[in-house]
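Residue-level structure breakdown
Residue-level listing of the chains:
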Amino acid sequence: MKRDDPILLADPAVAAKTAEAVRLLSAAARDFVPVVFASSLGAEDMVLTDLIWKNGIDIEIFTIDTGRLPVETHELIAAAERHYGRRFDIQHPEHESVARFAFAHGVNGFYDSTEARKACCAARKVEPLKRKLAGKKAWVTGLRAAQAATRNGLRHIGYDFAFDLVKFNPLAYWSEEEVWHYIEAHGVPYNALHDRHYPSIGCAPCSRARTSAPVAGGGKARRRRSAACMSSADVS
């Protein structure tokens, strides 16, 4: 389907869910100052970026450059900043934390064990996320209930006990197809790795493309898969 396909533009379900997402984001910005959006730069998070910046909603958007991101993710950051004329707040891990990991496990030690992989995530992702969320009243995520069985109970608004914050999930009830319908209809920038069947795009060494055949139904939007990497499920 083409970006200007009237079927995409007129989809009543997507239109209704878009309006609800804007309402939730606006409420977060109004009632929970300061609030931030932690973007993993996945497909869902690019939809939220589009909604926040195009609607002028006062929510700071940050992302974490772990130091091991794929070049395609850096290309997306640059493309999105050009597209919107805005800048992401890019957070980085503490050098000392990464150095301690490398000394204990080796620079690529995350390949050796689950323990080492978790330690790498703690140094490169969890620490800067906790640092950025400190002092905030709420945070926004791109989580969807349909992404995993463990998210079946996901709601638009909840409480994140791991970070002691109110958590907004404006896309909680969106389907994957609706996410890609929005992206196609509105010309939202997205990571090129999605077109190569990467289901989740985080650090380059830990990101893998699907080897199975594309999902039936046609259309490149149906063949893409994305998952929120920066979520409480990943870091708590």
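Below is a short write-up of the structure. The shown structure was predicted, so the numbers you read here are calculated from the model rather than taken from an experiment.

Listed as buried for helix 5 (residues 95-105) are Ser-97, Val-98 and Phe-101. For helix 5, the buried positions fall inside an angular range of 95 degrees around the axis, keeping them on one side. Seen from the buried face of helix 5, the exposed residues on the opposite side, beyond 90 degrees, are His-95, Arg-100 and Phe-103. Where the residues of helix 5 are buried, they touch helix 6 (114-133). Directly beyond the C-terminal end of helix 5, a positive phi value near 95 degrees is found at Gly-106.

Leu-25, Val-47, Leu-51, Ile-52, Ile-59, Val-140 and Ile-183 are the most contacted members of the largest nonpolar core, which totals 36 residues. Among the secondary structure elements, those contributing two or more residues to this core are helix 2 (12-31), strand 1 (35-38), helix 3 (43-54), helix 4 (71-84), strand 4 (138-140), strand 6 (165-168) and helix 7 (176-186). Considering each element in turn, this core owes the most residues, seven residues, to helix 3. Those residues in contact with Val-47 that lie beyond four places of it in its chain are Leu-171, Trp-174, Val-179, Tyr-182, Ile-183 and Val-188.

Turning to unusual backbone geometry, a few remarks are in order. Residues Val-33 and Pro-34 are joined by a peptide bond in cis, for which omega reads 0 degrees. When you line up the elements, Pro-34 lands in the loop between helix 2 and strand 1. At Leu-41, a residue that is not glycine, the phi angle is positive and equals roughly 70 degrees. Checked against the element boundaries, Leu-41 lands in the loop between strand 1 and helix 3. A positive phi angle, near 60 degrees, is found at Asp-164, a position not held by glycine. Of note, Asp-164 is situated in the loop between strand 5 (157-160) and strand 6.

So, on to the sheet that holds strand 6. Strand order in the open sheet formed by six strands is 3-2-1-4-6-5, with mixed pairing between adjacent strands. The strands lining the two open edges of the sheet, one partner per strand, are strand 3 (89-91) and strand 5. The mean inter-strand angle of the sheet, taken between neighbouring strand axes irrespective of direction, is 35 degrees. Most of the contacts of helix 6 go to strand 2 (residues 60-64), to which it runs at about 160 degrees, and overall it touches strand 1, strand 2, strand 3, strand 4 and strand 6.

With that out of the way, let us pick up the packing of aromatic side chains. Under the counting rule described, the total for this entry stands at eight aromatic pairs. Taking 5.1 Å as the distance between ring centres and 65 degrees as the angle between the ring planes, the aromatic pair formed by Tyr-159 and Phe-161 counts as edge-to-face. Their ring planes at 85 degrees and their centres at 5.1 Å tell us that Trp-180 and Tyr-190 sit as a pair that is edge-to-face. Within this pair, whereas Trp-180 is found in helix 7, its partner Tyr-190 is found in the loop between helix 7 and helix 8 (220-223), the two being separated by 10 residues in sequence. Note on accessibility: Trp-180 and Tyr-190 belong to one class, buried.

This next bit is on the environment of Tyr-111. One can find Tyr-111 in the loop between helix 5 and helix 6. Here the alpha-carbon distance between Tyr-111 and Cys-206, two residues 95 residues apart in the chain, equals 8.8 Å. When sequence neighbours within four positions are dropped, the list of residues in contact with Tyr-111 reads Pro-205 and Arg-208.

Rules of the game
- Residues numbered from 1 in each chain as written.
- Predicted model: local features only at pLDDT ≥ 70, side-chain atom pairs only at ≥ 80, totals over all residues.
- Heavy atoms only, no water.
- Buried < 20%, exposed > 50% of the residue type's maximum accessible area, 1.4 Å probe, protein only.
- Helix = DSSP H or I, 4+ residues; strand = E, 2+ residues; numbered from the N terminus.
- Arc of directions from axis to C-beta.
- Contact = heavy atoms within 4.5 Å.
- Core = buried A, V, L, I, M, F, W, Y, C linked by side-chain atoms within 4.5 Å.
- Pairing = 2+ DSSP bridges.
- Axes fitted to C-alpha atoms, helices over the stretch in contact; angles between N-to-C directions.
- Phe/Tyr/Trp six-rings, centres within 6.5 Å; stacked < 30°, edge-to-face > 60°.

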